[in-house]
Amino acid sequence: MAKAPIKTDKTPVDLLTAKQAAAEYARLQGEIAGHDKRYYQQDAPVISDADYDELRKRYNAIEARFPDLRTFESLSLKVGAAPTGRFKKVRHVVRMLSLDNAFAEQDVVDFVGRIRRFLNLSETEKITFSAEPKIDGLSMSLRYEDGELVTAATRGDGEEGEDVTANIKTLKQSEVPHRLKGKHIPKVTEVRGEVYMTKGDFLKLNERQKAAGEQIFANPRNSAAGSLRQKDPSITASRPLGFFAYAWGDMTDMPADSQSGMIEWFEHCGFKTNPLTKICHSVEELIAFHRKIGEERAKLDYDIDGVVYKVDRLDWQERLGFVSRTPRWAIAHKFPAERATTILNDIEIQVGRTGSLTPVGKLEPVGVGGVIVSNVTLHNEDYIKGIGGDGEALREGRDIRIGDTVIVQRAGDVIPQIVDVLIDKRPKSAKVYHFPKKCPCPLKTDVVREATSAGEEGARNRCTGEFACPFQKIQHLILFASRRAFDIEGLGEKQIELFYENGWVKEPGDIFTLKARNAKIKLEDVEGYGETSVRNLFNAIDERREISLERFIFALGIRQVGETTALALARGYGSWKAFHDAALKVAKGDAETIAEMDALDQIGETVIAAVAAYFGESHNKGIVERLTREVKILDAEKPKTDSKIAGKTVVFTGSLEKMTRDEAKATAERLGAKAAGSVSKKTDYLVAGPGAGSKLAEAKKHGVQVLTEDEWLKLIG
Ligand code: IVH
């Protein structure tokens, strides 16, 4: 049932025979890897930091005495392992977002074109960009109050990071000043940028680590991250880390009106900014910058994985705004992906939350772009056969066989993929892969192949077990408790599997009744648990009895409803009751409610069909009902009330002259209104430019107020 107890052989490492050492090294490797997973991925350690350190120390000592034991699987070669200790969480006042990626030059052309269209700029009007290297380190937010450094926080999930202030304060003040220089410092200043380690320092650190029998890092980025996540700041102090400032968060005053002005101001405050940063005025200059930096990349003493282009004018940045989690005004232009050759040892099947069967390639581990890759998604049956989603040949039709030599590619933070198969190297023993006809789940249900329309990713095979399939139920519970959904600390994959297999948690609502049922379950008696960890778990569950509407909708695991869609639904309906009522009506095929949902921004047919399927299923209705008894769902963020259009629904039609349709919609949303795509009786205003057609007629039919563009601009001030 539960986990294996922690065993440490007490024979001193110096006295171990080679055979004993090999056995213990392998055992410790598995045990430590398990603890790392629980700590890093599930946030649910089952041993103390001190016990963990003991295991690790012994592992390192064995490896130092018997270096031949080291293999690709060695923890010392793994990414992100090792630091101990936990940090306080810090909520970012201004979210830390990420960047959209461009790989091809055309992506850059499109990026600039989108900006031009959004801002309604003529072809001759110049857009100034700040072009900067994309430092491959760790993003950091430094908060200064009255000029004093008060908090240093990691990015985390963008909304909440970890408080690493004590560690950041060990960096040289020429990298991160404790007090900002200069006059007129805003009351609150948040400087954001990248913590990094130079390549030279990384190599030196690894030499020292090796000599001391300590962890070896895979790349400078990991060594910077590992150095910062030390519980003991004196260790961070011994690691040379640098910082480049390039962005900001919460600011009570803005000392400049451009990106380049802000960068200059950071320098006055005592920060380093990247010396290669350059002002560019055209797509050609941006692309030339990318080429030049790409050529210089190897000579730089720090790792970069691309360049970043940012619209320089901050008023334009503000107008451009964001699309879900990435700004419209910036893009990362990545360097070409790195590749490596390895062997495909096996293909395994993973059953996802919605029953889709995904083949996963098990590779002979190989280093690609500084990371060791041993698993790679093979997407679907057709992909293995060499057929693309549109029916066209992939890899010139070459199929993938077990035993093949394959080329693996990884671009930055993108998941690795197989780009080609080396047919010349195909051994006679290579095995053609036959997709299973039965699901690997205990039900062994039939697998059906879903029809796909042209242009989709490819044909999905699905387990037909649906609500009876334990794999799907477990996957849903994992999503439900995960960071992006209910974010229940201490309830990760392993715990959910354990609870499910014992019948303690069969569906989401059960999580919240666990405490009340524990008199019978007696979780504290389960191996790996104790009174403290059980108490911590129940506290973590109780902390999540209140949840935002968007997280709740996302956590239901409705097909097609990811975080962005959940947010759009939450904003569109405002409350759980409103959404739930609408969803039930949609499931019954109510045409008016369907049209209303369809009118919401970012919601279309596919999502509506998925919502209908979910809420039309009586089993799901029961799950939702039992769950909503246990939790309080908060209304979606209230629209801004200080604007005249807050809470109103607006539709734009015809051609607008002062701004583009996209910008008009984004502005309406910023002011708390809902920008819908079609007119219904719930529409408050139709803003109609010249050439308005059927929507105008529709508005008249419903008695919706019609405004010209100027009237609209006057209304919003
Ligand atoms: S700007 C709103 N500028 O890249 C976006 N990011 O993929 C703010 N990064 O999390 C980020 N160099 O860690 C920006 N010159 C640069 C950067 C940079 C590296 C990292 C940063 C961010 C990630 C986004």
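First, a word on scope: everything that follows refers to the structure included in this document. This structure is a prediction, so every number in the text was calculated from the model and none was measured.

## Thoughts on helix α8 (residues 259-269)
In an α-helix, one turn spans 3.6 residues, which is why side chains three or four residues apart end up on the same side.
So, point 1. Among all positions of α8, only Gln259, Gly261, Met262, Ile263, Trp265, Phe266 and Cys269 are buried.
So, point 2. Residues of α8 that are buried in the fold lie against β3 (129-135), β7 (188-196), β8 (242-251), β10 (304-311) and α10 (314-320).
So, point 3. Once α8 ends, the next one or two residues include glycine 270, with phi positive near 110°.

## Let's talk about the pattern of salt bridges
So, point 1. Taken as a whole and assessed by the stated rule, the structure comprises 46 salt bridges.
So, point 2. Of the charged contacts, one joins aspartate 250 and arginine 143 as a salt bridge, the two residues approaching to 3.0 Å between their closest N and O atoms. With aspartate 250 in strand β8 and arginine 143 in strand β4 (residues 138-145), this pair connects stretches of sequence that are 107 residues apart. Like arginine 143, aspartate 250 is buried.
So, point 3. Residues glutamate 663 and arginine 319 are paired through a salt bridge, measuring 2.3 Å at the closest nitrogen-oxygen approach. With a gap of 344 residues between them, glutamate 663 in helix α22 (residues 661-670) and arginine 319 in helix α10 connect regions that are remote in the sequence.

## Concerning the side chain of threonine 154
So, point 1. Along the chain, the position of threonine 154 falls in strand β5 (residues 148-154).
So, point 2. Engagement of the side chain of threonine 154 in a polar contact is seen with the backbone nitrogen of glutamate 162, the distance being 2.8 Å.
So, point 3. In contact with threonine 154, other than residues within four places in its own chain, are His92, Met96, Ser139, Met140, Gly161, Glu162 and Val164.

## Here we look at the sheet that holds β10
So, point 1. A sheet is described by the order of its strands in space; here five strands give the open sequence β2-β13-β10-β3-β9, paired in mixed fashion. Since the sheet does not close on itself, it has two edges, and those belong to β2 (101-102) and β9 (278-280), each with one partner.
So, point 2. Two strands pair when backbone bridges link them, and β10 and strand β13 (residues 330-334) are joined in this way by five bridges, in the antiparallel orientation. Looking across to β13, one finds that glycine 306 is bridged to lysine 334.
So, point 3. Set on the sheet, helix α3 (residues 105-119) makes contact with β2, β3, β10 and β13; between it and β13 the angle comes to about 175°.
So, point 4. α8 contacts β3, β9 and β10 of the sheet and is inclined by roughly 55° relative to β3.

## A word on the packing of aromatic side chains
So, point 1. Taken as a whole and assessed by the stated rule, the structure comprises 23 aromatic pairs.
So, point 2. Both rings, one in phenylalanine 266 and one in phenylalanine 271, keep their centres 6.4 Å apart while their planes meet at 80°; by these two values the pair is edge-to-face.
So, point 3. A residue is classified by how much of its surface remains accessible, and phenylalanine 266, at 0% relative accessible area, is buried.
So, point 4. Residue class for phenylalanine 271 comes out buried when judged on its relative accessible area of 5%.
So, point 5. The rings of Phe480, Phe486, Phe512, Phe552, Tyr573, Trp576, Phe579, Tyr614 and Phe615 are connected pair by pair, giving a single aromatic cluster.
So, point 6. Sitting over the ring of tyrosine 383, arginine 395 keeps its end group 4.9 Å from the ring centre.

## A word on the site of the ligand
So, point 1. Near the ligand there are 14 residues, and of these Glu132, Ile135, Glu194, Tyr246 and Lys310 occur at the shortest range.
So, point 2. With respect to the ligand, the side chain of glutamate 132 contributes an N or O atom lying 2.9 Å from a nitrogen atom.
So, point 3. Within the side chain of glutamate 194, a nitrogen or oxygen atom sits 2.8 Å from an oxygen atom of the ligand.
So, point 4. Contact with the protein chains hides 89% of the accessible area of the ligand, taken as 530 Å² for the molecule alone.
So, point 5. A per-element tally of the shell around the ligand places β3 first, with four residues.

## Overview of the side chain of threonine 565
So, point 1. Structurally, the position occupied by threonine 565 is in helix α17 (residues 563-573).
So, point 2. A relative accessible area of 14% means that threonine 565 is categorised as buried.
So, point 3. Those residues within four positions of threonine 565 in sequence are excluded, and the remaining contacts are Gln560, Ile603 and Val607.

## Quick notes on the packing of α3 against helix α9 (residues 283-296)
So, point 1. The interhelical angle for the contact between α3 and α9, taken along N-to-C directions, is 140°, at an axis separation of 10 Å. As α3 runs across α9, the sense of the crossing is right-handed. Across the interface between the two elements, Glu105, Val108, Val109 and Val112 of α3 pack against Val283, Leu286, Ile287 and Arg291 of α9.

## Examining the sheet that holds strand β24 (residues 674-676)
In a beta sheet, neighbouring strands are held together by backbone hydrogen bonds and run either parallel or antiparallel to one another.
So, point 1. Ordered by their spatial adjacency, four strands build an open sheet running β24-β23-β25-β26, and the pairing between neighbours is parallel. Looking along the sheet, the strands with just one partner apiece sit at the ends: β24 and β26 (705-707). Strand-to-strand, the axes of this sheet are offset by a mean angle of 30°, without reference to chain direction.
So, point 2. The sheet contact formed by strand β23 (residues 649-653) and β24 spans three bridges and is parallel. Residue pairing for β24: threonine 649 is matched across the bridge by lysine 674.

Parameters and conventions
Residues numbered from 1 in each chain as written. Predicted model: local features only at pLDDT ≥ 70, side-chain atom pairs only at ≥ 80, totals over all residues. Heavy atoms only, no water. Buried < 20%, exposed > 50% of the residue type's maximum accessible area, 1.4 Å probe, protein only. Helix = DSSP H or I, 4+ residues; strand = E, 2+ residues; numbered from the N terminus. Contact = heavy atoms within 4.5 Å. Salt bridge = Lys/Arg side-chain N within 4 Å of Asp/Glu carboxyl O. Polar contact = N/O pair within 3.5 Å; in protein donor to acceptor, adjacent residues only side chain to side chain. Pairing = 2+ DSSP bridges. Axes fitted to C-alpha atoms, helices over the stretch in contact; angles between N-to-C directions. Phe/Tyr/Trp six-rings, centres within 6.5 Å; stacked < 30°, edge-to-face > 60°. Lys NZ or Arg CZ within 6 Å of the ring centre and 35° of its normal. Near = heavy atom within 4 Å. Areas by Shrake-Rupley, 256 points an atom, 1.4 Å probe, with all protein chains shown as cover. Left-handed = near helix turned anticlockwise from the far one by under 90°.

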